[in-house]
Structures are given as structure tokens and as C-alpha cells.
Amino acid sequence: MRSDVITVHTGSRPTVRDITAEAQSFVSGEGDGLLHVFVPHATAGLAIIETGSGSDDDLLTAIDALLPTDNRWRHRHGSAGHGRDHVLPAFVPPYATLPVLDGRLALGTWQSICLVDTNGDNPTRQVLFSFLPA
């Protein structure tokens, strides 16, 4: 298995950041196998969604509706509503495994690998890519 870590700057606002190009670059030149993507953070996750057509903003709107940033959370350190950021990975998991065929991610036409980060208190994230050859 081959692994590498990239750093992603997500900023101080909730964001959906497309990391497909970085993932494809990691597996380029490999044969068949599996790419495992993992975000080693308690307040971020990964989603396989369409981007650029509003779906990324729709995802953030859905997260806000499901997990509002108010004072209902018992986990209260950090900015207001930060407790919801710690619940996020139960709904948007911190991992994804994707097939790789002849060195190319086997994603659908409109699918992208996206880092979902609602925690503005932590503007820099690490993402671990691991390739397991067939």
C-alpha cells in the first residue's frame, strides 16, 4: 500500500472543497486497485457529490438545516454552534473508498470527491490518500 498526506486550506467559513484533482494525481500511473481517502479530523468529512452546479452550496444548506449552529449542543468549546461540527462526521463520514481502473478514478461523470468542513476554527486540514493495488 502506498500513502501520502496533502494539506487543504478550507478557510474560516463552512466549505465544500473539491479534491478530485489531487486524488487523481495520486493514483495516476497506477494500475487497478482501491483508493482510500481519510480525513483525520473530528470535525470534517468527505462526500462524493456533483460540484459547480450549486450542489456544494445545497449540501451546506442541508447540513445547516439538519445540524444548526445554535446553543443546543453540549459540546460548547470554540465558536458558537461548534458542537454540530463534532456531530458532522456521523452524517458526512471522514472516509471514502473508490475503485481505480488503469490509474483512473472510477467516478461517474458528475461525481467529485469533496472535503466537507463546517469548522471555521480550523482552517487547515490534512487528507490521507492510500492506494491498495489489485
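The shown structure was predicted, so the numbers you read here are calculated from the model rather than taken from an experiment. (Residues numbered from 1 in each chain as written. Predicted model: local features only at pLDDT ≥ 70, side-chain atom pairs only at ≥ 80, totals over all residues. Heavy atoms only, no water.)

Student: I'd like a rundown of the pattern of salt bridges, residues and numbers included.
Tutor: As enumerated under the stated definition, the model contains 6 salt bridges in all. Its salt-bridge partner being Arg17, residue Glu22 comes within 3.2 Å of it at the nearest N-O pair. Taking relative accessible area as the criterion, Glu22 reaches 27% and is therefore assigned partly exposed. Judged by relative accessible area, which is 28%, Arg17 ranks as partly exposed. Between Asp70 and Arg72 there is a salt bridge, with its nearest N and O atoms 2.7 Å apart. Looking at Asp70, the relative accessible area reads 28%, which means it is partly exposed. Exposure remark for Arg72: the relative accessible area of 52% places this residue in the exposed category. Salt bridges linked by common partners bring Asp64, Arg84 and Asp85 together as one network. (Salt bridge = Lys/Arg side-chain N within 4 Å of Asp/Glu carboxyl O. Buried < 20%, exposed > 50% of the residue type's maximum accessible area, 1.4 Å probe, protein only.)

Treat this as a map of the structure, not an account of what it does.
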